[in-house]
Amino acid sequence: MSTTAAPTATGFAPAVSAFLATALHKSYVGGRWVEATDGGTFEVLDPGSGTKIATVTSLQKSDVDRAVDAAVDAFHNSGWASMPVAERAARLHRIADAVEARIHEFAQVEALDCGKIYAQAVGDIQNFIDTFRYFADLSQAVNYRQVIAVKKHEAWVTRHPWGACGFIIPWNFPFLLAGWGLAPALAAGNTCVLKPAEDTPLSALYLCHVVQQLDLLPPGVLNVVTGYGETAGAAVSQNPRFRRMSFTGSPEVGRLVAEAAGRNLIPVKCELGGKGAAVVFNDVDIPETAQALVNAITFHTGQVCCDATRWLIQRDIYDDFVGECVKRMKSVQIGYQFDGGAQMGPVVNAKQQARVLGYLQKGVADGADLVLEGGAGAVAGRNGFYVKPALLAGSLNNVAAREEIFGPVAFLASFASEEEGVRLANDTEYGLGNSVWSKDLQRCARVAEAFRAGNGWINAHNVIVHGVPYGGIGKSGMGGGVVSPETLDDYLRPISVVRPL
Ligand code: NAD
């Protein structure tokens, strides 16, 4: 049950207003609020208005190392790791309850911090709640002592938490991704250090306030370290006291984190970028499918790792289909994230705005046709980072068809046969999520299974369901993925015990 209503553009819940009035947002370490030893800070902006909303502590390596020490200490001494599984699961449900009771507070913080349309922010908070409940329940069904029947031996496998786990996450789904990382690790009895992106640290800090106020976790079990990627993020990735590492973000930084964790022989999960394709066959309902793809590429202003960014359309419906898409993209309402009529908000910062606009220029310079112009967007009275949706078309060797743009820009191309559609979809270094669109469900199943990617979706895009493994291959990721029973298993350390008979 929520306790606060959705905000107007000016009105936040009292608890959120008090939080936003904090002069300095500190990091949360060992159950206490800490500043950087050198007093460093950074500023956080509202992407929709460009105005400053918070000053946040910028930790250095030695500060982050102390947070890892706190997590290691809590692992050994707080009772969290040795707590009966059902009791730990009940604690995770209490966290879910607490967030659910404040769902609009969290959504206000999240929408303000990352420029997300308010209703979409509510969906992200709900997803966090669902993730905590999913892993709390799943943790009670694990076989923690599995007897193995083998000839002439007594044998069994027991499963234990690993220890302190590190998490580095990006700015596009800050709270949802915090849930995907923290919930399985905590459910398995590990302790955590989370490093949010410097653009969007506020919802994770708000969670720490709630956890502290309601005494939901022993001190040191959850630590949130704020700071820049090159300093605080690098310090997390390099710390040898972690037992598991998880990174979500760009392939470029993923490589650095995986290298650093690899040097310490720490198992690492990487959930990275994407360049997903939608393969559209000629038997689809054209308006309906065009609308679905327009919805996908404009959802969170295209800042979605698994988005449909390459639209491959069977040749005989290409012109009709593109016409429908152009019409529908032109009518997308761009607006401030708290304005009721807005369908697409800003991108996260000026750098991301320049990146999206730059790819339009680079794509055209590389020979693409500009089917829908795009460009910088404007919202009356708001000096935020807005871009308009755009469509490019042409050879898939184009830079804008090969590289991740992370904005509301799709690249169009046509194909003749099923074989060609699959081949074009798979011609990328990425491998996260592709979709196939057709009334012929046998063909859909065939094409979905032929994708070289972690996920194949049928007549839908961006479908992530608790219980179904979600991960990427190639430049989209490695290490096992998220939100499934396998994820919980990743946070449990097995030991095989054998006695010859
Ligand atoms: P990014 O790689 O720039 O940053 C991600 C995180 O890494 C941030 O917290 C940042 O501070 C930190 N970081 C930066 N430099 C670091 C360093 N040298 N060492 C350690 N940490 C460092 O990514 P971004 O721009 O924040 O996010 C966009 C990217 O994330 C896109 O590529 C997107 O596709 C990807 N993404 C993937 C998934 C998925 O599930 N596969 C989900 C969301 C986003």
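Each remark here, short or long, concerns the structure printed above.
A brief report on the enclosed structure follows.

Below, the discussion takes up empty space enclosed by the protein. Summed over the entire model, instances satisfying the criterion amount to 1 cavity of 30 Å³ or more. What the largest cavity holds in volume is close to 40 Å³. Forming the walls of the largest cavity are Gly 274, Lys 275, Gly 276, Gly 302, Val 304, Cys 305, Asp 307, Thr 309, Glu 404 and Phe 406.

Take the pattern of salt bridges next. Pairing between side chains of opposite charge can happen when their charged atoms approach one another. Applying the stated criterion across every chain yields a total of 19 salt bridges. The salt bridge partner of Glu 324 is Arg 328, with a shortest N-O separation of 2.9 Å. Taken together, the residues Glu 324 and Arg 328, both in helix α11 (residues 318–330) and 4 residues apart, mark about one turn of the helix. The exposure classification of Glu 324 matches that of Arg 328, with both residues buried. With its nearest N and O atoms 3.4 Å apart, the salt bridge here joins Arg 423 to Glu 419. Note that Arg 423 and Glu 419 are positioned in helix α14 (residues 418–426) at a spacing of 4 residues, about one turn of the helix. In this structure Glu 419 comes out as exposed when scored by relative accessible area, which is 51%. Linked through salt bridges whose partners overlap, the residues forming this network are Asp 97, Glu 100 and Arg 133.

With relative accessibility at 16%, the residue Glu 324 sits in the buried group. Here the side chain of Glu 324 touches Arg 328 through a polar contact of 2.9 Å, side chain to side chain.

What follows is about the sheet that holds strand β18 (residues 409–415). Strand order in the open sheet made by the 7 strands is β14-β17-β18-β13-β12-β19-β20, with mixed pairing throughout. Strands with a single pairing partner mark the edges of an open sheet, and in this sheet they are β14 (369–372) and β20 (455–458). Taking each pair of neighbouring strands and ignoring which way they run, the sheet shows an average axis angle of 25°. Bridge analysis of strand β17 (residues 390–393) against β18 gives 4 bridges, and the strand direction is parallel.

A few words on the site of the ligand. The local shell around the ligand holds 29 residues, among which Ile 169, Glu 198, Ser 250, Leu 272 and Glu 404 are the closest. A distance of 2.8 Å separates an oxygen atom of the ligand from a polar atom in the side chain of Lys 195. Within the side chain of Glu 198, one N or O atom sits 2.5 Å away from an oxygen atom of the ligand. For the ligand, whose unbound accessible area comes to 860 Å², protein coverage reaches 89%. At the level of secondary structure, the elements contributing two or more residues to the shell around the ligand comprise α8 (229–238), β10 (244–248) and α9 (251–263). Of the residues assigned to the shell around the ligand, the class counts are 17 nonpolar, 8 polar and 4 charged.

Cut-offs applied
Residues numbered from 1 in each chain as written. Predicted model: local features only at pLDDT ≥ 70, side-chain atom pairs only at ≥ 80, totals over all residues. Heavy atoms only, no water. 1 Å grid on protein atoms, 1.4 Å probe; cavity = no way out; pocket = protein on both sides within 12 Å on 5 of 7 lines; lining within 4 Å. Points joined across faces, edges and corners; volume = space filled by probe spheres on them. Salt bridge = Lys/Arg side-chain N within 4 Å of Asp/Glu carboxyl O. Helix = DSSP H or I, 4+ residues; strand = E, 2+ residues; numbered from the N terminus. Buried < 20%, exposed > 50% of the residue type's maximum accessible area, 1.4 Å probe, protein only. Polar contact = N/O pair within 3.5 Å; in protein donor to acceptor, adjacent residues only side chain to side chain. Pairing = 2+ DSSP bridges. Axes fitted to C-alpha atoms, helices over the stretch in contact; angles between N-to-C directions. Near = heavy atom within 4 Å. Areas by Shrake-Rupley, 256 points an atom, 1.4 Å probe, with all protein chains shown as cover. Nonpolar A, V, L, I, M, F, W, Y, C, P; charged D, E, K, R; others polar.

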